[in-house]
Amino acid sequence: MYGVDTSVHPAYRSRGVGGLLMEARFAVLKSLNLRGLIAGSLIIDYEQVADSETVDEYVADVVAGRRFDTNLSKQLRKGFKVHNLIPNYVEDPRTSNWGAAIVWENPDYAPAARPAVAALPARYDMRLRAPRPAFGLGAV
Ligand SMILES: CC(C)(COP(=O)(O)OP(=O)(O)OC[C@H]1O[C@@H](n2cnc3c(N)ncnc32)[C@H](O)[C@@H]1OP(=O)(O)O)[C@@H](O)C(=O)NCCC(=O)NCCS
């Protein structure tokens, strides 16, 4: 599964909201018996040290816990692993335009099992409503 753009309002960050959103995604993955989740991470504090550290050094420091990145550190904490770095991922000076592909592997993935599509947490049926008469054209 591919995941993009998890965002928590700045006033509510670091209070567990983003973690709950990530856990909800993991629950969907497990219910569908998917192998894992790949997402893009903005390494949002890289610009602060970009003059003195290469992006590889920076990410290695974040992975080792020697630096805290406002996005990537939280995603690593929830079990994501860095897969590779992506140049020109976004136009964002905070990241010097770098991103990281991050992967979460489903520990319960069973390759032999059929995808449990019927076990989706919720299913929605769409039914078309009968057309309404145009406003003002019905009997008065
Ligand atoms: C990434 C983002 C969604 C995380 O949301 P959040 O609500 O701040 O995250 P949480 O508070 O749930 O933190 C996630 C984990 O990091 C840990 N954490 C949070 N703040 C921390 C801090 N200052 N120091 C150490 N750990 C911290 C939490 O404890 C939690 O782990 P846990 O569940 O094991 O306790 C949020 O920072 C954000 O919206 N960023 C901007 C948008 C963006 O660029 N998103 C990423 C690209 S898609």
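Attention here is on the structure that accompanies the text. What you are looking at is a predicted structure, and each value in this text was computed from that prediction instead of being measured.

### Describing the environment of Val 17
- If you trace the backbone, Val 17 turns up in helix H1 (residues 17-31).
- On the basis of neighbour count, Val 17 is assigned to the partly exposed category, with 14 C-beta atoms found within 10 Å.
- Each C-alpha atom, one on Val 17 and one on Ser 7, is 9.4 Å from the other, the two residues being 10 residues apart in sequence.
- Ignoring anything within four residues of it in the chain, the contact list for Val 17 reads Val 8 and Tyr 12.

### What about the sheet that holds strand S3 (residues 81-86)?
- Read across the open sheet, the 4 strands follow the order S1-S2-S4-S3; overall the sheet is mixed. Edge strands, defined here as strands with exactly one partner in the open sheet, are strand S1 (2-3) and S3.
- Sheet analysis places S3 next to strand S4 (residues 99-105), joined by 5 bridges and oriented antiparallel. Counterpart to Lys 81 in the pairing with S4 is Val 103.
- Across the sheet, helix H2 (residues 55-64) touches S3 and S4, and the angle it forms with S3 is around 165 degrees.

### Considerations on unusual backbone geometry
- Despite not being glycine, Ser 96 shows a phi value in the positive range, around 50 degrees.
- Examined against the element boundaries, Ser 96 turns out to sit in the loop between S3 and S4.
- One non-glycine residue with positive phi stands out, namely Asn 97, at about 70 degrees.
- Among the secondary structure elements, Asn 97 is positioned in the loop between S3 and S4.
- The exposure class of Asn 97 is partly exposed, given the 17 C-beta atoms found within 10 Å.

Rules behind the numbers
- Residues numbered from 1 in each chain as written.
- Predicted model: local features only at pLDDT ≥ 70, side-chain atom pairs only at ≥ 80, totals over all residues.
- Helix = DSSP H or I, 4+ residues; strand = E, 2+ residues; numbered from the N terminus.
- Buried ≥ 20, exposed ≤ 12 C-beta atoms within 10 Å, placed from the backbone.
- Contact = placed C-beta atoms within 7 Å.
- Pairing = 2+ DSSP bridges.
- Axes fitted to C-alpha atoms, helices over the stretch in contact; angles between N-to-C directions.

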